[in-house]
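What the coordinates show
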Amino acid sequence: MTSATLFVRPPSPRLAEGELTHLERVPVDADLAREQWEAYVERYRSRGWDVRELPAADDHPDGVFVEDTVAVFDDLAVLTRPGATSRRGEVESMGPAVEAAGLHVAAIEAPATLEGGDVLKVGRTAYVGRSSRTSPDGVAQLRALVEPRGWTVVEVPVTKVLHLKSAVTALPDGTVIGYEPLVDAPELFDAFLPVPEPEGTAVVVLDEQTVLMSASAPRTAALLRERGLEVVTTPVTEFEKLEGCVTCLSVRVR
Ligand code: CIR
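Residues numbered from 1 in each chain as written. Predicted model: local features only at pLDDT ≥ 70, side-chain atom pairs only at ≥ 80, totals over all residues. Heavy atoms only, no water.

Going by what an unreviewed UniProt entry lists, the chain is known as Dimethylargininase and is assigned to Isoptericola variabilis.

Concerning the overall build of the chain
Which entries qualify depends on this criterion: Counting from the N terminus, the helices are DSSP H or I runs at least four residues long and the strands are E runs at least two residues long. Taken over C-alpha atoms, the radius of gyration is set against a globule rule of 2.2 Å times the number of residues to the power 0.38. Buried residues are those whose accessible area, probed at 1.4 Å on protein chains only, stays under 20% of the maximum for their type, while exposed residues exceed 50% and partly exposed ones sit between those limits.
Regarding its fold elements, the chain presents six helices and 15 strands. Here the C-alpha atoms of the chain give a radius of gyration of 17 Å, agreeing with the 18 Å that 2.2 N^0.38 yields for 254 residues. Seen along its three principal axes, the alpha-carbon backbone of the chain occupies a region of about 45 × 40 × 40 Å. Counting only residues that meet the buried cut, the chain has 55% of its 254 residues in that class.

Quick notes on the UniProt feature "binding site: substrate" (unreviewed entry) in the chain
The test is simple: UniProt positions are given in the numbering used here, feature names are shortened, and annotations may be inferred rather than shown by experiment. Contacts were defined at the residue level, with two residues in contact if any of their heavy atoms lie within 4.5 Å.
Residues given the UniProt feature "binding site: substrate" (unreviewed entry) here are Leu20, Asp62, Glu67, Asp68, Arg87, Arg133 and Leu242. Assignment of secondary structure puts leucine 20 in the loop between strand E1 (5–8) and helix H1 (30–45). Apart from residues lying up to four places away in sequence, leucine 20 is in contact with Arg25, Lys241, Leu242 and Glu243. Within the element layout of this structure, leucine 242 appears in the loop between helix H6 (237–240) and strand E15 (251–252). If near-sequence neighbours (up to four positions away) are discounted, leucine 242 is found in contact with Leu15, Ala16, Gly18, Glu19, Leu20, Arg25, Val28 and Phe65.

Re helix H3 (residues 136–146)
As a reminder of what qualifies: For this quantity, the arc is that covered by the directions from the helix axis to the C-beta atoms.
Within H3, the full set of buried residues consists of Gly138, Val139, Leu142 and Val146. For H3, the angular spread of buried residues about the axis comes to 100°, placing them on one side. Along H3, exposed side chains directed more than 90 degrees from the buried face belong to Pro136 and Ala144. Where the residues of H3 are buried, they touch strand E3 (70–73), strand E4 (76–79), strand E6 (119–122), strand E7 (125–130) and strand E8 (152–157).

Details of the environment of valine 204
By the element assignment, valine 204 lies in strand E12 (residues 203–207). With a relative accessible area of 14%, valine 204 lands in the buried category. Put simply, valine 204 and leucine 171 are 33 residues apart on the chain and 8.1 Å apart in space, counted from C-alpha to C-alpha. Ignoring sequence-local partners within four residues, the contact set of valine 204 consists of Tyr44, Thr210, Val211, Leu212, Val246 and Thr247.

Section: the sheet that holds E8
As a general point, the strands of a sheet are linked pairwise by backbone hydrogen bonds and lie either parallel or antiparallel. Put simply, the rule is: At least two bridges found by DSSP between two strands is the condition for calling them paired. The axes used here are C-alpha line fits, helices contributing only the stretch in contact, and every angle between their N-to-C directions lies in the interval 0 to 180 degrees.
If you walk across this open sheet you meet the three strands as E6-E7-E8, and the pairing is mixed. Whereas interior strands pair on both sides, the edge strands pair on one side only; in this sheet they are E6 and E8. Here the average twist between neighbouring strands, direction ignored, is 25°. Where E7 lies against E8, six bridges are found, and the strand directions are parallel. In the sheet register, alanine 126 faces E8, and the bridge partner there is valine 153.

Thoughts on the site of the ligand
Formally: We define proximity as follows: a residue is near a molecule or strand when any one of its heavy atoms falls within 4 Å of that partner. Think of a polar contact as two N or O atoms within 3.5 Å of one another; within protein, one of them needs to be a possible hydrogen donor and the other a possible acceptor, and neighboring residues in sequence only count if both atoms come from side chains. Only the protein chains shown count as cover for residues, with accessible areas throughout obtained via the Shrake-Rupley method and a probe of 1.4 Å. Residue classes follow a fixed rule: Ala, Val, Leu, Ile, Met, Phe, Trp, Tyr, Cys and Pro count as nonpolar, while Asp, Glu, Lys and Arg count as charged, and any other residue, Gly among them, counts as polar.
Around the ligand sit 14 residues in total, of which Glu67, Asp68, Arg87, Arg133 and Leu242 are the nearest. Taking arginine 87, its side chain carries an N or O atom lying 2.8 Å from an oxygen atom of the ligand. A distance of 2.8 Å separates an oxygen atom of the ligand from a polar side-chain atom of arginine 133. Protein chains bury 100% of the 350 Å² of accessible surface belonging to the ligand in isolation. Here the residues of the shell around the ligand are counted per class, giving four nonpolar, three polar and seven charged.

And the structure:
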C-alpha cells in the first residue's frame, strides 16, 4: 500500500456554473456530483492515503478541480496563476495547505498564467501544455523554477482540449496514453499508447500496478487490464460535463 498525501476540495453547489471551453453546457446534478466526489475520495482513503480537505470555496464553481492551483516538484510547490480569471481566487487557500504539508512554496507571477492541468510529470520530465490557460511566459517561469532542481521541461502544444492532461496522462511505466484525435503532438512523447475513448485518457497512478480512472471508459479499462495493470474505476460524469476528470479532482503532494 502506498502512503501518500493528497489534497481535495468539496464541490461547490454552483458547480454547474463552471467554465466551459470545448463542451456545450448541459445540466449538472449537484447532489450526484457530491456523491461521486465522496466515492472518489474514498478510493484513496481506503488505500490508506492521507487525504486532506481544503476549505470549501463555494463561490468558485470550479474550486473542486484543485489540481489546477498547484504543481508539485519534489518538495517544491509552485502555486499557479490560472488563465481563467474566475479561478484565480482558488489559489489562495492552497499556499498555507502545502506549507503545512512541509513543502517550499513558489508562485507563477503576473502576467504569466499556468494551470496545473497542463503539467504532466513523467519521470524527471515535466511536459507542460501551452494551452488557452497556460501562457508561454507561464511555461518559462516554471522552467526557471524547476530545471535547476533536476527537472526537464518540455513544452507541448494544446489546441484541441482544455489542458494537456485532458488529452494525455501517464501509466506507471511512463507510457503516455491519449485519445489520438485530441492529442496535438503524440510524437513528442517517448512512448505513446492510443486509447479508444476520450474519457479514458485520464489516469491517476495509485501504485506501480494500479491506476484510477473514470467509469465512463470501459474499453480503455479493458485495454489497460490486458497490459497487466489493476484498474480501479470511479464515476465522475458530473465533473466530465465541466471538462474535468479524475486527475483534476486532487493533487498529490507526497
Ligand atoms: C475549467 O474550465 O477550468 C473547469 N471547468 C475544468 C477544469 C478541469 N481541470 C483539469 O483538467 N485539470
